[in-house]
Amino acid sequence: QVQLVESGGGLVEAGGSLRLSCAASGSISSINVMGWYRQAPGKQRELVATVTSGGFRNFAESAKGRFTISRDNAKNTVYLQMNSLKPDDTAVYYCRVVTIRDVYWGQGTQVTVSS
């Protein structure tokens, strides 16, 4: 059993910043990829950013230049620093962890950006 605990969501004005955290615990085998996805009302879930165990990062076009992703392998934790937030960034943000055995999703954390 693997648990993902997300934190850091909330309400922020346009132009503001938020930092999301996701800590993985439990029966964790080797973690390959950690990342964040988001789902806005009426839309499909989409990639925001991922980072591999080797440090390779992948970003959605909408996140490039504004968001950074990092991970602490010792703590099995991934972070998403979001700057210059826009109302279009409003969504539920989900942590996703890929191990050699399975894929795990967090419960989601709401990010709301007001105009």
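Here's a quick rundown of the structure. (Residues numbered from 1 in each chain as written. Predicted model: local features only at pLDDT ≥ 70, side-chain atom pairs only at ≥ 80, totals over all residues. Heavy atoms only, no water.)

## Looking at the state of the cysteines
Moving on, step 1. For the structure on display, the rule yields one disulfide.
Moving on, step 2. Here Cys-22 connects covalently by a disulfide to Cys-95, the sulfurs 2.1 Å from one another. Handedness here is read from the sign of the S-S torsion; for Cys-22 and Cys-95, about -80 degrees, the answer is left-handed. Placement of Cys-22 in strand β3 (residues 18-26) and of Cys-95 in strand β9 (residues 91-99) is noted, with a sequence separation of 73 residues between them.
Moving on, step 3. Overall, the relative accessible area of 0% leaves Cys-95 in the buried class. (Disulfide = S-S within 2.5 Å. Helix = DSSP H or I, 4+ residues; strand = E, 2+ residues; numbered from the N terminus. Buried < 20%, exposed > 50% of the residue type's maximum accessible area, 1.4 Å probe, protein only.)

## Details of the packing of aromatic side chains
Moving on, step 1. A complete count under the given rule lists one aromatic pair for this structure.
Moving on, step 2. Each ring, one from Tyr-37 and one from Trp-105, has its centre 5.2 Å from the other, and the planes form 70 degrees; the classification is edge-to-face. With a gap of 68 residues between them, Tyr-37 in strand β4 (residues 31-39) and Trp-105 in strand β10 (residues 103-105) connect regions that are remote in the sequence.
Moving on, step 3. The cationic tip of Arg-19 hangs over the ring face of Tyr-79; the distance from NZ or CZ to the ring centre is 4.2 Å.
Moving on, step 4. The ring of Trp-105 has Arg-45 lying over it, and the distance from NZ or CZ to the ring centre is 4.6 Å. (Phe/Tyr/Trp six-rings, centres within 6.5 Å; stacked < 30°, edge-to-face > 60°. Lys NZ or Arg CZ within 6 Å of the ring centre and 35° of its normal.)

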